[in-house]
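Coordinate analysis (summary)
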Amino acid sequence: MGKLIEEMTKAGVLLATEGCLPSSKGVRVRIDSGGFTVTDGPFPETKELIAGFCLMQVKSKQEAVEWSKRFLNVVGQGESEIRLLHDFPAA
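Residues numbered from 1 in each chain as written. Predicted model: local features only at pLDDT ≥ 70, side-chain atom pairs only at ≥ 80, totals over all residues. Heavy atoms only, no water.

A few words on the environment of P22. By the secondary structure assignment, P22 is in the loop between β1 (14–19) and β2 (27–32). Under the relative-accessibility criterion, P22 is labelled partly exposed at 48%. Between the alpha carbons of P22 and P42 there is a distance of 7.6 Å; along the sequence they are 20 residues apart. (Helix = DSSP H or I, 4+ residues; strand = E, 2+ residues; numbered from the N terminus. Buried < 20%, exposed > 50% of the residue type's maximum accessible area, 1.4 Å probe, protein only.)

We now examine the confidence of the model for the protein. Residues shown with low pLDDT carry predicted positions that ought not to be read at fine detail. Mean pLDDT over the protein works out to 91, with 98% of the residues at or above the 70 mark. Per-element confidence in the protein is highest for helix α1 (residues 2–11), whose mean pLDDT is 96, and lowest for β2, whose mean pLDDT is 93. (pLDDT = per-residue confidence, 0-100.)

Moving on, we get to helix α2 (residues 61–75). With 15 residues, α2 should cover 21 Å at 1.5 Å per step; its first-to-last C-alpha distance of 21 Å lies within 8% of that length. Just downstream of α2 lies G76, where phi reads positive at about 100 degrees. (Expected span 1.5 Å × (residues − 1).)

Looking now at the nonpolar core. Within the largest apolar cluster, five residues are counted, these being L4, M8, V13, L14 and W67. The residues contacting L14, other than those within four sequence positions of it, are I5, M8, T9, C54 and L55. (Core = buried A, V, L, I, M, F, W, Y, C linked by side-chain atoms within 4.5 Å. Contact = heavy atoms within 4.5 Å.)

Enumeration according to the criterion identifies four salt bridges in this entry. A salt bridge links E6 to K10; the shortest N-O distance between them is 3.0 Å. Residue E6 and its partner K10 are both found in helix α1; the two are separated by four residues, about one turn of the helix. Residue K10 is classed as exposed on the basis of its relative accessible area of 67%. Note that E7 and R70 form a salt bridge whose closest N and O atoms lie 1.9 Å from each other. Linking E7 in helix α1 with R70 in helix α2, this pair joins segments that are 63 residues apart in sequence. With relative accessibility at 26%, the residue E7 sits in the partly exposed group. (Salt bridge = Lys/Arg side-chain N within 4 Å of Asp/Glu carboxyl O.)

See the structure below:
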């Protein structure tokens, strides 16, 4: 994993990466018409849970897919979801 992170850094695409602690250390905050609900972890009903993130700046969705494939090869099994961020013009 360290080698891949180093390659991404040298390629200039890695902005941030971090693993998440278990959901037992987390909390969920929800708002609906009745107000706020705060639920302490762990979240056993969760089928999918975010275990970490990687923030990249790439030229295309396909480039993000290729980096994700390399990451999953290192991990061995799992799933990555690629999401775009809003890009606001500089003030």
